[in-house]
Amino acid sequence: MIDDTRGRVPFALLGVLLLVSSLTLAPTLRPAPAPRDTAVERTLDRATAETQTAMRDAVSRAGQRASTDPVLEPANTSVGRALNDSRPFRDALRLRIYLQVRDRLRRVGATSEGVEATASVPAVETTAEYREAIERVSIARAGPNGTALRATVENVTLTVRRGDRVVTRRTVSPTVVVATPVLTLHEQVQTYERRVNNGLDKPGLSQRLTARLYPIVWARGYAQYGGVPIENVLANRHVSLATNGALLGVQRSTFGRSDPDGRRSLTEATAMVGVEDVITGSNNTALAQEVLKRTAYRPASEDISTGGASGDHPRANETMRIGVNETADDAFHSVAAPEALGRTTATAYTVDVRLVTDSRRVSGGRPPRPPSPGENWTLVREQTTDSTDAVGAVDPRPSVPDGWHELDSFGRTVEVEYTRVALWENGSERRSTASSRTERRRVTVTLVGRHESDSGAPDERIRTAHDREGSPVSGPNLADVEPRAERGLVGRAGGRDAVAERAAEGRLRTPTVSVTGKRPDSLRPWVYRDLRRLRERVRATNVTVERGAVGTFETNPARELRRKLADRRAALVDAPDTYDSAAQKARVAARIAYLDAVDDRLAVRAQRRGSAREGVDRQLRNRTGGSLVDLRKSLTARDTQIPRSRPVPTGPAGPLRTRVDARPQYLTLASVSEESHPAIEGSEHPLVARNVNVFTAPYGDAAAVVTDSAMASGDRTRLATAATTLAAANATANRTSNATLDSHRRRLRYRVEQANSHVAAELAGTVSEETDADSAASRTIVEAALRRWDTPAARGQALADGSAARRIATVAADRRGLSAVERDWLWMRLRSTTDDALARPIARPKTPVVNQTASTVRTVARDQLRQRIESAGRRRAEQLAKRRLGTKTLPAGLPLVPPWQWVATTNSWWVTVEGEYARFAVTASHGPPTTPGATTTYARDGERVYLDVDEDGDAELLGQSTRLSFRAHTGVVIVVPPRPRGVGDKDGVAVEESAGWPTAGASGE
């Protein structure tokens, strides 16, 4: 059978058959399933669907109510404490959703074949349960652009009952997305609140306020500088206007559109501010109303930023040129003075000289030791003596050290007779022996010179140094240095033979001495004229800087000028590779001395600029709370590119358009009441402002602290300011009679006359010193020159601005026959004398006298203008309204006066505003889905928010919808050219605070 395979079945085939059979029998052997309760499933499905619908409705209603009464500040109640302090609105919305869902789920029910399904969430009664309820709800923005709301409620219980028996329970966490923009509106309003409270570093109200205030200040400031009678460059009415315009701008960038009522109110306010600016030029509202009443004046298209002035004016980012100017004159005075210039030219004509010798043996030499007298003699000592004699002249062979050059040389043959004597001893006996020998030496003596000196001029070779020709001025050049040097070094030593004999013996001393050649009489005028041309080139050197950067001390023009002159120094020195003459070297030395003097003075200017920066920063901190850093931020913020609006987002229900409704729509500085604004209770100040002009008129302490920090008399005012104030007083007194004004004016005039007399006397002394005029003639010259300015005020201004010094130099030159060089030098001396005289206390009237006069001028001018308007017709009233008598000439601002130059006048304002909306609402075009055309309104009005959480019929205090408030600050700086009237508020009010300051809103009264 082992060999017979016919009856066998393969084992593999059997395995396949068994597997197929098991698969076929398996279904028939499985136990039958339990029968399904289709009624329960249907009921559960229906209950789940109704739960979704109830929840959708609950979320929509909760969103509406949360928007209408947003909770931004939790209450100190059991339910309020359940809200998270960092997100009270979201937690309150979650709690509202939970309660709305709980309420709606009571009406959820589904039945089928005797089976009933209900939905429920736990009731809440304690703080812990409130918190648990909030935690069971999660919300988030959803949909395109996040304009919808996604909400999830966890652990909603579905209970199925058949009769009284619970069949089953199911827990679900339904999620719905509802097209309600509640979170979008909340976040937009939060963004708006954040932006209106942002500082200057971030986009928002402060930056936009800055951008609006700068053109107002620069336009009105330059109009005032040009003569327009503007007393208050930046008034609080401008601040209010700019703040409201900036708020509307922030609304556009945040919500897409601004409050339409606010835009209309801004237009009306702009017109009224324009009327006040054109009519008064100040913030005298009562006077403005009087003119309005009498003339019905309504400008059609006046620019409120200029106060009725038209024309272009510089902007903060435009550049200005600041030059070396008077600093060049002051340096010239110190270098070109006869003594100073004489010292400078003398060094160029000075040569270091010395003698260099060369002695060489020709024949002979020293004798040998004398022989011993005999045997047994011991040498005790020996001595060698010599005598020299110059026996003839020979051709010299000069030897010149490096860096020196030959002036002269001579040679001699010198014989040196040496005698050597020896003393011998033998016991008690002594004897001497001697030997002698003659040495012949060839001696060369060279007189060498070196042109190195401390003149500052490069020590280059002078090609014709010792020639009598080749100098651009008449004179011997350096040709007389050689004989002077020989007389000093050779003649005093006994002559050439004696010098050669000493050199041969090695006993000649060769010190280095300085010899100054004779300078031609025409050298000083020649160098002076060259320096004068250089002075004009240096004087015209300037740098370009931004005006705003000058006012904020962000740039230091003096330091920039130093750099520029350093870059041009080689060209200004104009030193040749080889000097043609000593005069040329003197010219270069004088140029170098002058440029060094200019650089020293620019360094002082730069240092004074730094001191002034510290003083201004200190004044800003003390008077405003701001700083130069903040002022620079404001300068940068004025040009910050801010989007005007944002695109309209599109949500599930289409474009989401919003409308802002603010109450009051225009935040005024005046008090408003509930009669005009129902959202207000009682009376409030929606906006308060503080506006500080740092350097205002009267010429107060702020400017004096900065400009007179180095003066001992800090209570005194510059003559220019006092004279300008006197001119304003005179202009006012010519049109009216006022005893107080006359009294103050007489006192000020006396002080100005005293100062004028002192400065004039000093100038007369200078004329006497620099010309051949005696004291009486000098006083006559000065008086004749000053006769052009026939009033104390005009004369004081002329003395202060330097025009009097130039006029005196002209008159003196004509009467005493001065040359152009002498006239120029006299002018330089008179300028220096003027500066010194003006710095003394007698030339600086006391500040109280100046300020009292200025204050009286303003008061009298206003009273007179009011009287004239009251008795004038319409046309005349309009003309009078544009005149401010003498007040427009009153000085103001901070003169930037480093030593020797009035660069510009600057001023700055620091503005702080606080505001509060009684009600701030934003309405979105999307509302509950079940209500076609419905909207959603998010409103902040400061009202308390109540909610019945425990369903006891009494609503619990949930929190409060705080009002939307803000605080913003900024600074504005302006720079105008130098002129006594300057720029700034001239109404005598340095700090302008609105009613209700510092608290806006309900407690602002």
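What counts, and where the lines are drawn
Position labels on residues start from 1 in each chain and follow its written sequence. Totals for whole chains, interfaces and linings use all residues, but because this is a predicted model, local features are given only for residues with pLDDT of at least 70 and pairs of side-chain atoms are given and counted only at 80 or more. Excluding hydrogens and water, the side-chain values take into account all heavy atoms of the structure. Here, any two strands with at least 2 DSSP bridges between them count as paired. Strands here are runs of E lasting at least two residues and helices are runs of H or I lasting at least four, both read from the DSSP assignment and numbered beginning at the N terminus. A fitted line through C-alpha atoms serves as each axis, taken over the contacting stretch for helices, and the angle formed by two N-to-C directions is quoted from 0 to 180°. By definition, residues are in contact when any of their heavy atoms lie within 4.5 Å. Roughly parallel refers to an angle under 35 degrees, roughly antiparallel to one over 145, roughly perpendicular to one between 65 and 115, and oblique to any angle outside these ranges. By convention the crossing between two helices is left-handed if the near helix lies anticlockwise of the far one by an angle smaller than a right angle, and right-handed if it lies clockwise. When residue character is reported, Ala, Val, Leu, Ile, Met, Phe, Trp, Tyr, Cys and Pro are called nonpolar, Asp, Glu, Lys and Arg charged, and the others, Gly included, polar. Throughout this description, the term nonpolar core refers to a set of buried Ala, Val, Leu, Ile, Met, Phe, Trp, Tyr and Cys residues connected via side-chain atoms within 4.5 Å. Burial here depends on accessible area, computed with a 1.4 Å probe over protein chains only, as a share of the maximum for the residue type. Under 20% is buried, over 50% is exposed, and the range in between is partly exposed. Only rings of Phe, Tyr and Trp enter the pairing, Trp through its six-membered ring, and a pair is recorded when the two centres are within 6.5 Å. The plane angle decides the type: under 30 degrees is stacked, over 60 is edge-to-face, the rest tilted.

Participant: What is the right way to look at the pairing of strand β4 (residues 137–142) in this model?
Facilitator: Looking down a regular strand, the side chains alternate between one sheet face and the other. Relative to strand β5 (residues 148–153), β4 runs antiparallel, the two sharing 6 bridges. By the bridge assignment for β5, Ser 138 is matched with Thr 152. Where β4 hands over to β5, the hairpin turn is made up of 5 residues, of which Gly 143 adopts a positive phi near 80 degrees.

Participant: Quick question: what am I supposed to make of the sheet that holds strand β6 (residues 156–162) here?
Facilitator: Working definition: the strands of a sheet are paired by backbone hydrogen bonds and lie parallel or antiparallel to each other. Within the open sheet, the 4 strands sit side by side as β2-β3-β6-β7. Their pairing is antiparallel. In this open sheet, the two strands that pair with only one neighbour each are β2 (109–112) and β7 (165–172). Strand-to-strand, the axes of this sheet are offset by a mean angle of 20 degrees, without reference to chain direction. By the bridge criterion, 6 bridges tie strand β3 (residues 115–120) to β6 in an arrangement that is antiparallel. Counterpart to Val 115 in the pairing with β6 is Arg 162. Set on the sheet, helix α2 (residues 38–68) makes contact with β2, β3, β6 and β7; between it and β2 the angle comes to about 160 degrees.

Participant: Could you clarify how one ought to interpret the packing of helix α23 (residues 775–786) against helix α25 (residues 803–816) in this entry?
Facilitator: Packed helices, taken two at a time, are described by the angle their axes make and the gap between the axes. Interaxial distance between α23 and α25 falls to 9 Å at its minimum, and their mutual angle equals 125 degrees. Viewed along their axes, α23 and α25 adopt a mutual orientation that is oblique. Here α23 and α25 pass one another in a crossing that is right-handed. In contact with Ala 777, Thr 780, Ile 781, Val 782, Ala 784, Ala 785 and Leu 786 of α23, α25 contributes Ala 804, Arg 807, Ile 808, Val 811, Ala 812, Arg 815 and Arg 816. Broken down by class, the residue content of the contact of α23 with α25 amounts to 10 nonpolar, 1 polar and 3 charged.

Participant: I would appreciate a short explanation of the packing of helix α21 (residues 719–733) against helix α22 (residues 739–770) in the present structure.
Facilitator: At a minimum axis distance of 10 Å, the contact between α21 and α22 shows a crossing angle of 145 degrees. Between α21 and α22 the crossing geometry is left-handed. For the pair α21 and α22, the contacting residues are Leu 719, Ala 722, Ala 723, Thr 725, Leu 726, Ala 729, Asn 730, Thr 732 and Ala 733 in the first and Leu 741, Asp 742, Arg 745, Leu 748, Arg 749, Val 752, Ala 755 and Asn 756 in the second.

Participant: Sorry if this is basic, but what is going on with the nonpolar core here?
Facilitator: Generally speaking, soluble globular proteins have nonpolar side chains that are buried together. In this structure, Ile 97, Val 538 and Tyr 594 are the most contacted members of the largest nonpolar core, which totals 213 residues. Looking at this core element by element, the count peaks at 14 residues for helix α18 (residues 582–623). When sequence neighbours within four positions are dropped, the list of residues in contact with Ile 97 reads Val 59, Ala 62, Val 137, Ile 139, Ala 151 and Val 153. Counting 8 residues, the second-largest nonpolar core is a separate cluster that includes Ala 729, Val 857, Val 860 and Leu 890.

Participant: For this particular structure, what's the right way to read the packing of aromatic side chains?
Facilitator: Here a ring pair, both rings aromatic, is described through the centre-centre distance and the interplanar angle of the planes. One pass over the structure, following the stated rule, counts 11 aromatic pairs. Centre to centre, the rings of Phe 89 and Tyr 938 are 5.6 Å apart; their planes meet at 65 degrees, and the pair counts as edge-to-face. One end of the pair, Phe 89, is in helix α3 (residues 88–105); the other, Tyr 938, is in strand β25 (residues 936–940), and 849 residues separate them in sequence. Residue classification places Tyr 938 among the buried positions, given a relative accessible area of 1%.

All we've got here are geometric facts, nothing functional implied.
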